Amino acid sequence: MEKKLEFDNLDIFLKNKQLSAVIRTLESDRKRIAQELHDDICSKLNVISLNCHLLKIPNLPAKEIEEITKNIIEYTSKALNSSKKMTHSLLPPVLDKFGLHAGIEELCAQLIDDIAIDIQYENNLKFDFKENDNHIHVFRILQELFTNSIEHGRATSISVFFEEIDGKRTCKYSDNGIGFDLNQLENHKGLGMKNVVSRVAILEGSLSIESQMNNGISVIFNF
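My aim in this report is to walk through the structure given alongside it, one point at a time. (Residues numbered from 1 in each chain as written. Predicted model: local features only at pLDDT ≥ 70, side-chain atom pairs only at ≥ 80, totals over all residues. Heavy atoms only, no water.)

## Brief notes about the packing of helix α4 (residues 100-115) against helix α5 (residues 132-152)
The relative placement of two packed helices is expressed as an angle between their axes plus a distance between the axes. In contact at an axis separation of 10 Å, α4 and α5 are set at 20 degrees when each is read in the N-to-C sense. The angle between α4 and α5 falls in the class roughly parallel. Like other packed secondary-structure pairs, α4 and α5 cross with a definite hand, here right-handed. Taking contact as the criterion, the partners of Leu-100, Gly-103, Ile-104, Leu-107, Cys-108, Leu-111 and Ile-115 in α4 are, on α5, Asn-132, His-135, Val-138, Phe-139, Leu-142, Gln-143, Phe-146 and Ile-150. Here the contact of α4 with α5 is composed, by residue class, of 11 nonpolar, 4 polar and no charged. (Axes fitted to C-alpha atoms, helices over the stretch in contact; angles between N-to-C directions. Helix = DSSP H or I, 4+ residues; strand = E, 2+ residues; numbered from the N terminus. Parallel < 35°, antiparallel > 145°, perpendicular 65-115°, else oblique. Left-handed = near helix turned anticlockwise from the far one by under 90°. Contact = heavy atoms within 4.5 Å. Nonpolar A, V, L, I, M, F, W, Y, C, P; charged D, E, K, R; others polar.)

## Considerations on the side chain of Ser-82
Checked against the element boundaries, Ser-82 lands in helix α2 (residues 62-90). Among the polar contacts made by the side chain of Ser-82, one reaches the side chain of Asp-40 at a distance of 3.1 Å. For Ser-82, the residues in contact, after removing those within four places along its chain, are Asp-40, Ile-41 and Lys-44. (Polar contact = N/O pair within 3.5 Å; in protein donor to acceptor, adjacent residues only side chain to side chain.)

## Things to note about the pattern of salt bridges
Summed over all chains, the structure comprises 4 salt bridges. In this structure, the salt-bridge partner of Glu-74 is Lys-78, at a minimum N-O distance of 3.2 Å. With Glu-74 and Lys-78 both in helix α2 and 4 residues apart, the pair spans about one turn of that helix. (Salt bridge = Lys/Arg side-chain N within 4 Å of Asp/Glu carboxyl O.)

## Considerations on the pairing of strand β3 (residues 168-175)
Bridge analysis of strand β2 (residues 157-165) against β3 gives 8 bridges, and the strand direction is antiparallel. Residue pairing across strands places Val-160 opposite Tyr-173, the latter belonging to β3. Remark: 2 residues form the turn of the hairpin made by β2 and β3, two consecutive strands paired antiparallel; Asp-166 in that turn has positive phi of roughly 55 degrees. Judged from the 6 bridges that link them, β3 and strand β5 (residues 217-222) form a sheet pairing that is antiparallel. Bridge pairing in β5 places Thr-170 opposite Asn-222. (Pairing = 2+ DSSP bridges.)

## Re the pairing of β5
The pairing of strand β4 (residues 207-211) with β5 spans 5 bridges and is classified as antiparallel. By the bridge assignment for β5, Ile-209 is matched with Val-219.

## A closer look at the side chain of Lys-44
Structurally, the position occupied by Lys-44 is in helix α1 (residues 2-54). The contacts of Lys-44, once residues within four sequence positions are left out, are Tyr-75, Lys-78, Ala-79 and Ser-82.

Okay, structure coming up:
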């Protein structure tokens with residue numbers, strides 16, 4: 001009975017830990033979406049609104065009307081593009097329709113085109129489309145790691161490798177960036193590592209992070 005109680009308590013602890021990870025991840029996603037809406041789309045809509053009000057000024061010269069109209073069209077186009085990017089970020093169509101492998105391929109190709117970074121991606125696993133609800137967490141983990149490598153680590157080369165190790169699907173991720181001190185991991189709020197930890201917990205996997213200053217980062221997780 002004592003052993004059973006001990007296992008039951010451990011099960012409750014793990015479930016509470018997983019629930020906590022889910023909540024943290026959801027709140028982080030909400031914060032990110034709100035920030036993107038405020039900084040990107042809302043700012044463009046404010047410019048559009050301001051220019052629309054300028055058109056109400058009586059006796060405006062034709063040249064000014066043309067310039068204001070041009071601004072409205074330009075910022076409307078920018079707002080539409082921003083909303084498309086945000087929609088794509090929330091649920092990439094390729095990931096939703098064709099699965100994780102295709103989604104990662106598209107993500108890598110997009111980053112290579114946008115910022116000319118070297119990304120080596122190799123996959124030796126077969127992803128079951130029925131598990132796409134879990135696979136989206138794997139995709140988000142890679143997004144966080146890519147962001148960390150590019151924006152914070154200033155990496156020029158990234159490697160992503162999927163394989164099966166001891167019967168578990170495993171992802172090995174590494175970059176050649178500036179790295180960071182693992183002892184200061186809790187202070188690196190901008191690194192997105194807490195989101196990575198939370199999503200791995202949701203997947204009931206394990207996570208290993210290795211890094212040193214000026215020596216890149218290595219992340220291994222299974223799911």
